[in-house]
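# Residue-level structure breakdown
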Amino acid sequence: LEGKSPEEVADLVAKLNEVGRYTEALLVCSAVVEDLPATSDDVESERWRQYFRIGVCNALLHLGRHDAAKAAAEDLLSDSALTLEQRLKALVVFIISCHRLGRLTVATMGLEQAEKELRSAVGLDRTKAEIATLRGNIACATGREDEALESYARALEIYAGIPIPFEACKVRINMAWAMIG
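Residues numbered from 1 in each chain as written. Predicted model: local features only at pLDDT ≥ 70, side-chain atom pairs only at ≥ 80, totals over all residues. Heavy atoms only, no water.

### Here we look at the overall build of the protein
Looking only at helices and strands, the protein features nine helices and zero strands. Considering the protein as a whole, with its 181 residues, one finds that 41% of them fall into the buried category. A total accessible area of about 9900 Å² is found for the protein, and carbon and sulfur atoms account for 54% of it. Within the protein, one finds 21 positive and 28 negative side-chain charges whose respective centroids are separated by 4 Å. (Helix = DSSP H or I, 4+ residues; strand = E, 2+ residues; numbered from the N terminus. Buried < 20%, exposed > 50% of the residue type's maximum accessible area, 1.4 Å probe, protein only. Areas by Shrake-Rupley, 256 points an atom, 1.4 Å probe, with all protein chains shown as cover. Lys, Arg positive; Asp, Glu negative; His and termini not counted. Charge placed at Lys NZ, Arg CZ, Asp CG, Glu CD.)

### Here we look at unusual backbone geometry
The phi angle at Leu124 is positive, at roughly 55°, despite the residue not being glycine. With respect to the helices and strands, the residue Leu124 is situated in the loop between helix H6 (104-118) and helix H7 (125-141). When its relative accessible area of 21% is taken as the criterion, Leu124 is described as partly exposed.

### Some points on the pattern of salt bridges
A complete count under the given rule lists 13 salt bridges for this structure. Measuring nitrogen to oxygen at the nearest pair gives 3.0 Å for the salt bridge that ties Arg53 to Asp75. Of the two residues, Arg53 is situated in helix H3 (residues 43-62) and Asp75 in helix H4 (residues 66-77); the sequence distance between them amounts to 22 residues. Exposure remark for Asp75: the relative accessible area of 45% places this residue in the partly exposed category. One salt-bridge network, held together by shared partners, links Glu46, Arg49, Arg53, Asp75 and Asp79. (Salt bridge = Lys/Arg side-chain N within 4 Å of Asp/Glu carboxyl O.)

### Brief notes about the environment of Tyr159
Within the fold, Tyr159 resides in helix H8 (residues 145-160). For Tyr159, a relative accessible area of 5% puts it in the buried group.

### As for the confidence of the model for the protein
Looking at the protein, the pLDDT average stands at 91 and 97% of residues meet or exceed 70. The least confident element of the protein, judged by mean pLDDT, is helix H9 (residues 165-180) at 78; the most confident is H4 at 97. (pLDDT = per-residue confidence, 0-100.)

### Observations concerning a nonpolar patch on the surface
Judged by side-chain polarity, Ile173, Trp177 and Ile180 come together as a nonpolar surface patch covering roughly 380 Å² of accessible area. Relative to the assigned elements, Ile173 resides in helix H9. (Patch = residues over 30% accessible without salt bridge, like charges linked within 9 Å, V, L, I, M, F, W, Y side chains within 5 Å.)

### Notes on the packing of H4 against helix H5 (residues 84-100)
Orientation of H4 relative to H5, taken along the N-to-C sense of each, is 150°, at an axis distance of 8 Å. Compared by their axis directions, H4 and H5 come out roughly antiparallel. Here H4 and H5 pass one another in a crossing that is left-handed. Contacts between H4 and H5 involve His66, Ala69, Lys70, Ala73, Glu74, Leu76 and Leu77 from the first element and Arg87, Ala90, Leu91, Val93, Phe94, Ser97, Cys98 and Arg100 from the second. For the contact of H4 with H5, the per-class residue count stands at nine nonpolar, two polar and four charged. (Axes fitted to C-alpha atoms, helices over the stretch in contact; angles between N-to-C directions. Parallel < 35°, antiparallel > 145°, perpendicular 65-115°, else oblique. Left-handed = near helix turned anticlockwise from the far one by under 90°. Contact = heavy atoms within 4.5 Å. Nonpolar A, V, L, I, M, F, W, Y, C, P; charged D, E, K, R; others polar.)

### Side note on the packing of H3 against H4
Two elements in contact, H3 and H4, have axes separated by 7 Å at closest approach and are oriented at 160°. By the criterion of interaxial angle, the relationship of H3 to H4 is roughly antiparallel. Helix-helix and strand crossings are classified by hand; for H3 and H4 the assignment is left-handed. Along its contact with H3, which presents Gln50, Arg53, Ile54, Cys57, Leu60 and Leu61, the element H4 presents His66, Ala68, Ala69, Ala72, Ala73, Asp75 and Leu76. Residues that form the contact of H3 with H4 fall into these classes: nine nonpolar, two polar and two charged.

### As for the nonpolar core
If you look at the biggest cluster of nonpolar residues, it comprises 39 residues, and the most contacted ones within it are Val13, Phe52, Ile95, Ile131 and Leu134. Secondary structure elements with two or more residues in this core: helix H1 (6-18), helix H2 (22-35), H3, H4, H5, H6 and H7. Of the residues forming this core, the biggest block, nine residues, is contributed by H5. Those residues in contact with Ile95 that sit more than four places away from it in its chain are Ala107, Gly110, Leu111, Ala114, Ile131, Leu134 and Ile138. (Core = buried A, V, L, I, M, F, W, Y, C linked by side-chain atoms within 4.5 Å.)

Quick look at the structure:
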């Protein structure tokens, strides 16, 4: 990683994630976070530090290390330097981790916080669709199929306006599971 710009390292991490090499992505993100100062007055360095900390959270989540992903997301959420988009990405990891750990009440509290923060957000349609999908997943897990279907329908409406067909397909699969009951 020596001699590479943050953009080059971010591209490497994106490529690793695209092909499912999450262990390598975790190692790269962790190495970058360790090499960067804990805090910085340089806004650009701070932005990259947060970017790679989110990368650590995502890699842990994809590796099924939900307790570690939840803890990393909680740690990240305590950082007041996060942008709204970074904060929402950390909340998504937190919510998914809690859901997969069976901590549905805590996941619901995270959802409510994310929805509150999204009300003031301009754009961020993909995040809005992710949050709607997560609300559907949690509603389905708690036996509230009608609420799940409404949330999935809302997510599909949002995905219709952005070109991410794979994500919309996953929502349709979740919707079918909710209909089956």
